[in-house]
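# Chain and residue survey
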Amino acid sequence: QVQLLESGGGLVQAGGSLRLSCVASGRIVSFHTMNWYRQTPGKQREWVTAMFRDGNTNYVTSVKGRFVISRDNDKNTVYLQMNSLKPEDTAVYYCNSPVIDGRGRIRDNYWGQGTQVTVSS
């Protein structure tokens, strides 16, 4: 059974930093694409960043230069380092790992329970 467990959220002032962690069990993070998403009330879940099997990364424009995704293979954990936080970064952040078939299609998704990040102005 795959489980993704996020932690590290909290309340921080604008300009501050937080590091989120996503510990995976039942799934090896270095073998799969790992994403971070975020969601605010009344809005659709927004993709934030991805790390691919080969270690390449991608970011939504609004966080480029401020957020960094990384992974620790020994700990089977993915991190999201968030710097220069802004009030608009306030959201519940979710760890995600899609199940992708041989044709590159997403067949399923694994999600964590989410961790709240609140940035005060």
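An account of the accompanying structure is given in this report. Counting from 1, residues in each chain are numbered in the order their sequence is written. Predicted model: local features are reported for residues with pLDDT of at least 70 only, side-chain atom pairs are reported and counted for 80 or more only, and whole-chain, interface and lining totals are derived from all residues. Heavy atoms throughout the structure, all of them, feed into the side-chain values; hydrogens and water do not.

### Regarding the pairing of strand S11 (residues 115-120)
Every second residue of S11 is oriented toward a common face, the buried set being Thr-115, Val-117 and Val-119 and the non-buried set Gln-116, Thr-118 and Ser-120. As paired strands, strand S2 (residues 10-13) and S11 are joined by four bridges and run parallel to one another. Its bridge partner lying in S11, Gly-10 is registered against Val-117. Being paired, for any two strands, means DSSP has found at least two bridges between them. Counting from the N terminus, the helices are DSSP H or I runs at least four residues long and the strands are E runs at least two residues long. Alignment of strand S9 (residues 91-100) against S11, held across three bridges, turns out to be antiparallel. Following the sheet pairing, Val-92 is matched in S11 by Gln-116. Only protein chains enter the accessibility calculation, which uses a 1.4 Å probe. A residue is then buried if its area is under 20% of the maximum for its type, exposed if over 50%, and partly exposed in between.

### Things to note about the sheet that holds strand S3 (residues 18-25)
Paired through their backbone hydrogen bonds, the strands of a sheet run either parallel or antiparallel. Strand order in this open sheet of four strands is S1-S3-S8-S7, and the pairing throughout is antiparallel. In this open sheet, the two strands that pair with only one neighbour each are strand S1 (3-7) and strand S7 (67-72). This sheet shows a mean twist of 15° between the axes of neighbouring strands, independent of strand direction. Here S7 runs beside strand S8 (residues 77-82); their pairing, made up of six bridges, is antiparallel. Think of each axis as a best-fit line through the C-alpha atoms, taken over the contacting stretch in the case of a helix, with angles from 0 to 180 degrees between the N-to-C directions.

### Quick look at the state of the cysteines
Throughout, disulfides are identified as pairs of cysteine sulfur atoms within 2.5 Å of each other. This structure, assessed with the given rule, holds one disulfide. One disulfide bridge connects Cys-22 with Cys-95, the sulfur atoms lying 2.1 Å from each other. With the S-S dihedral at roughly -75°, the linkage between Cys-22 and Cys-95 falls on the left-handed side. One end of the pair, Cys-22, is in strand S3; the other, Cys-95, is in strand S9, and 73 residues separate them in sequence. Judged by relative accessible area, which is 0%, Cys-95 ranks as buried.

### Points about the pattern of salt bridges
A side-chain nitrogen of Lys or Arg and a carboxyl oxygen of Asp or Glu constitute a salt bridge if their distance falls within 4 Å. For the structure on display, the rule yields five salt bridges. Ionic pairing is found between Asp-101 and Arg-105, a salt bridge with its closest N-O pair at 2.9 Å. Assessed through its relative accessible area of 41%, Arg-105 is described here as partly exposed. Residues joined by salt bridges that share partners form a network here, namely Arg-38, Glu-46, Arg-66 and Asp-89.

### Thoughts on the environment of Val-2
On the secondary structure map, Val-2 appears in the segment before S1. The spacing of Val-2 and Gly-112 is 110 residues in sequence and 9.7 Å in space, taken between C-alpha atoms. When residues no more than four places from it in sequence are discounted, the contact partners of Val-2 are Ser-25, Gly-26, Arg-27 and Tyr-110. It only takes one pair of heavy atoms within 4.5 Å for two residues to be counted as in contact.

Note that all results are geometric; they support no functional claim without further evidence.
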